Amino acid sequence: MFEELKPHLAELRKRLLISVAVLFVMFVICFGFWEHILDWMIVPLKEALPQGSNVIFTKVGEAFFTALKVSFFAAIICSLPVIFWQLWLFIAPGLYEHEKKLVLPFVIGATGMFILGAMFAYYVVFPYGFSYLINFGSQLFTALPSIGEYVGFFTKLMFGFGIAFELPVITFFLAKLGLVTDESLKSFFKYAIIIIFAVAALLTPPDVLSQLLMAGPLIILYGVSIFIAKMVNPAKKDKDDESD
């Protein structure tokens, strides 16, 4: 059995090495611009901060490790096309020839939807979420957010929304492979709603508005996924229905 897995493990190692190599190169490049990237990242926070408040760091080395986090975050975003490409090349040997030709739509679609989800978080969710969190209790406390904690929180939300917006892309290729149909997605809808709100509660700030801002688009995307599955791999009607 191990002998049968050897070629797959070797292929996986090859794809991982290429992805890591590209990620490392992008990390080095992004580290040279980390201050500019951080300036962009903290714009939503600064807009929500009351007058007299500022972003600080409280631990020795926090500024340096924040620079590393910022560079790594930017490197992952820049490396997404290559990462998705290598993922496709890894699963391609198990596909038919006509399915292998979908590599370009997969790379473009997956990268585009991830960025779309991240931008939705940045321009829609962050302004409302940060404003609520920072102004809550502002009459009792002075807001002095730590830059390290903020960057960690920021990247968590960006990746959360980016991954969540991959739903239509994943559905398209699962339907293309015949693994899901529109009917199977419809029957799973009531469970999907629970999962969506649970994920939204975990990934967003603890206020109802932010959770709805994530859950709402996900529900819409699930509906879009049902439509995609219906176009790509519609459920076959029963013989009784066909006879009627």
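Preceding block: the structure.
All values reported here derive from a predicted model rather than from experimental measurement.

**Student:** What am I meant to see in the overall build of the chain here?
**Tutor:** From N to C terminus, the chain includes 12 helices and 0 strands. Going from the N terminus to the C terminus, the chain shows its helices and strands as α-α-α-α-α-α-α-α-α-α-α-α. For the chain, the C-alpha atoms occupy an extent of roughly 75 × 45 × 30 Å along the three principal directions. Relative to its 244 residues, the chain shows a buried fraction of 38%. A separation threshold of at least 6 residues defines the contact pool for the chain, and within that pool the share at least 24 residues apart is 84%.

**Student:** What's the story with the nonpolar core in this structure? I'm lost.
**Tutor:** Considering soluble globular proteins, one finds that nonpolar side chains tend to be buried as a cluster. Of all hydrophobic cores here, the largest spans 50 residues; its most connected members are F126, Y150, F154 and M158. At the level of elements, α2 (34–41), α3 (43–48), α4 (62–91), α6 (103–135), α7 (147–164), α8 (167–176), α10 (189–203) and α11 (208–232) are the ones that each hand at least two residues to this core. Here this core gets 12 residues from one element, more than from any other, and that element is α6. Here F126 is in contact with P44, A121, S131, F154, L157 and M158, once residues within four sequence places are set aside. One finds V180, L185, Y222 and I226 within the second-largest nonpolar core, a separate group that totals 7 residues.

**Student:** I keep staring at α2 and nothing clicks. Help me out?
**Tutor:** Those residues of α2 that fall on the buried side of the exposure criterion are I37, L38 and M41. An end-on view of α2 places all buried positions within 100° of arc, on one side of the element. Turned more than 90 degrees away from the buried face of α2, the exposed residues are E35 and H36.

**Student:** Would you take a moment to explain the side chain of S225 for this structure?
**Tutor:** If you trace the backbone, S225 turns up in helix α11. With a relative accessible area of 1%, S225 lands in the buried category.

**Student:** How should the packing of α2 against α4 be read in this particular structure?
**Tutor:** Packed helices, taken two at a time, are described by their axes: the angle between them and the distance between them. As a packed pair, α2 and α4 sit with axes 9 Å apart at the nearest point and diverge in direction by 85°. If you check the angle between α2 and α4, you find them roughly perpendicular. Each of W34, I37, L38, W40 and M41 in α2 lies in contact with α4, whose residues at this interface are A67, V70, S71, F73 and A74. In terms of residue class, the contact of α2 with α4 is made up of 9 nonpolar, 1 polar and no charged.

**Student:** What exactly am I supposed to notice about the environment of A198 here?
**Tutor:** Position of A198 among the secondary structure elements: in helix α10. Note on A198: relative accessible area 39%, which makes it partly exposed. Sequence spacing of A198 and L12 is 186 residues, and the spatial spacing of their C-alpha atoms is 32 Å.

**Student:** What is the right way to read the packing of aromatic side chains from this model?
**Tutor:** Describing an aromatic ring pair means giving the distance of the ring centres and the angle of the ring planes. One pass over the structure, following the stated rule, counts 24 aromatic pairs. Here F84 and F106 contribute two aromatic rings whose centre-to-centre distance is 6.0 Å and whose plane-to-plane angle is 85°, an arrangement assigned as edge-to-face. Note that F84 is positioned in helix α4 and F106 in helix α6, a separation of 22 residues in sequence. Accessibility assignment for this pair places F84 and F106 in one class, buried. Here the aromatic cluster, defined as three or more aromatic residues joined through ring pairs, consists of W40, F73, F114, Y122, Y123, F126, F130, Y150, F153, F154 and F159.

**Student:** Got a minute to help me understand the side chain of S79 in this structure?
**Tutor:** Mapped onto the secondary structure, S79 falls in helix α4. Given the relative accessible area of 0%, S79 is considered buried. Ignoring anything within four residues of it in the chain, the contact list for S79 reads V22, L23 and M26.

**Student:** When you look at the pattern of salt bridges in this model, what are you seeing that I'm missing?
**Tutor:** Pairing is possible between side chains of opposite charge, provided their charged atoms come close. Applying the stated criterion across every chain yields a total of 2 salt bridges. In this structure, the salt-bridge partner of R15 is E11, at a minimum N-O distance of 2.7 Å. Placement of both R15 and E11 in helix α1 (residues 2–31) is noted, with a separation of 4 residues, approximately one turn of the helix. E11 sits in the partly exposed class, given a relative accessible area of 21%.

**Student:** Looking at this model, I keep getting lost on the packing of α8 against α11. Mind explaining?
**Tutor:** Running from N to C, α8 and α11 cross one another at 20°; their axes reach a closest spacing of 9 Å. In this view, α8 runs roughly parallel relative to α11, as classed from their interaxial angle. At the point where α8 passes α11, the crossing takes the right-handed sense. On α11, the residues that touch L167, P168, T171, F172, A175 and K176 of α8 are L218, L221, Y222, S225, I228, A229 and V232. Each residue belonging to the contact of α8 with α11 can be placed in one class, and the counts come to 10 nonpolar, 2 polar and 1 charged.

What counts, and at which threshold
Residues numbered from 1 in each chain as written. Predicted model: local features only at pLDDT ≥ 70, side-chain atom pairs only at ≥ 80, totals over all residues. Heavy atoms only, no water. Helix = DSSP H or I, 4+ residues; strand = E, 2+ residues; numbered from the N terminus. Buried < 20%, exposed > 50% of the residue type's maximum accessible area, 1.4 Å probe, protein only. Contact = heavy atoms within 4.5 Å. Core = buried A, V, L, I, M, F, W, Y, C linked by side-chain atoms within 4.5 Å. Arc of directions from axis to C-beta. Axes fitted to C-alpha atoms, helices over the stretch in contact; angles between N-to-C directions. Parallel < 35°, antiparallel > 145°, perpendicular 65-115°, else oblique. Nonpolar A, V, L, I, M, F, W, Y, C, P; charged D, E, K, R; others polar. Phe/Tyr/Trp six-rings, centres within 6.5 Å; stacked < 30°, edge-to-face > 60°. Salt bridge = Lys/Arg side-chain N within 4 Å of Asp/Glu carboxyl O. Left-handed = near helix turned anticlockwise from the far one by under 90°.

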